[in-house]
Amino acid sequence: SLTAGSISMERSMETLDLLLTTPLKPSRIIGGKLLAAAWTIFVLLASCIPAMLLPLIYGGIAVHEILLMLLVFLVEAAVLLCIGVFASSLFRNTVRSAAAAYGITAALCIGLPVASLLLSPFSETGRNWSAYFLVLDPLLAPFTEAARQTGREALVRELFLRLSLEPDSAFLRFLTPLSLACQLT
């Protein structure tokens, strides 16, 4: 909801028309609003770095794993910020924009696994094309990386099996980069 009021607040305060009369293109205006919110997220993530380095000090996690987790958090934050700006552009009221942003996020986080579960009986045995919908779920990449870093990679396969899906091993091995790439596009 950090960006859920970015455009709707301009509308409700009747400053959007004034903002649009500036020489800035609408894409630059939205980009500026996203950049301002992204800076806030970046500062929050930077403040978490000391806590994330504790496992490095005590052993068990390598530097590249911490950097990968930070990248996952940054990508997921960017996706959620974009959802907030999108929802903000739909409504004049900030509360409705925030509710829409939360609704869209819930649809991605909960709706995609449910849709995948409902579509799995229609796929052929061994061909679970509905598993590929899950790469758009914002919770999948952090869950996958957390499972890998704690040595519980079997949890990811178990998650898919509980959804009646049997993805191949190559899909599971490249799940995090695939999920991040799909969410960024």
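Quick caveat: nothing in here was measured; it's all calculated off a predicted structure. (Residues numbered from 1 in each chain as written. Predicted model: local features only at pLDDT ≥ 70, side-chain atom pairs only at ≥ 80, totals over all residues. Heavy atoms only, no water.)

1. Here's the deal with the overall build of the chain
So, step 1. Across its full length, the chain holds nine helices and zero strands.
So, step 2. Element order for the chain, N to C, with α for helix and β for strand: α-α-α-α-α-α-α-α-α.
So, step 3. Considering only C-alpha atoms, the chain reaches an extent of 55 × 50 × 25 Å along its principal axes.
So, step 4. For the chain, with 185 residues in total, the buried portion stands at 36%.
So, step 5. For the chain, the exposed surface amounts to about 11200 Å²; the carbon and sulfur share of it is 70%.
So, step 6. The distance from the centre of the 12 positive side-chain charges to the centre of the 12 negative ones in the chain is 6 Å. (Helix = DSSP H or I, 4+ residues; strand = E, 2+ residues; numbered from the N terminus. Buried < 20%, exposed > 50% of the residue type's maximum accessible area, 1.4 Å probe, protein only. Areas by Shrake-Rupley, 256 points an atom, 1.4 Å probe, with all protein chains shown as cover. Lys, Arg positive; Asp, Glu negative; His and termini not counted. Charge placed at Lys NZ, Arg CZ, Asp CG, Glu CD.)

2. Brief notes about the packing of aromatic side chains
Two descriptors summarise a pair of aromatic rings, namely the distance from one centre to the other and the angle between the planes of the rings.
So, step 1. Under the criterion given, the structure shown has two aromatic pairs.
So, step 2. Consider the rings of Phe160 and Phe171, whose centres lie 5.8 Å apart with planes at 80 degrees: the pair is edge-to-face. Of this pair, Phe160 sits in helix α7 (residues 154–162) while Phe171 sits in helix α8 (residues 169–173); the two residues are eleven residues apart in sequence, bridging distant segments of the chain.
So, step 3. A residue is classified by how much of its surface remains accessible, and Phe160, at 0% relative accessible area, is buried. (Phe/Tyr/Trp six-rings, centres within 6.5 Å; stacked < 30°, edge-to-face > 60°.)

3. Section: the nonpolar core
So, step 1. Core analysis: the largest hydrophobic core is formed by 14 residues, its most contacted members being Ile41, Met52, Ile66, Leu70, Val72 and Leu180.
So, step 2. Contributing elements (two or more residues each) for this core: α3 (26–58) and α4 (63–90).
So, step 3. No other element matches α4, which puts seven residues into this core.
So, step 4. Of all hydrophobic cores here, the second largest spans 13 residues; its members include Leu134, Val135, Val156 and Phe160. (Core = buried A, V, L, I, M, F, W, Y, C linked by side-chain atoms within 4.5 Å.)

Interpretation note: all reported values are geometric properties and have no functional meaning in isolation.
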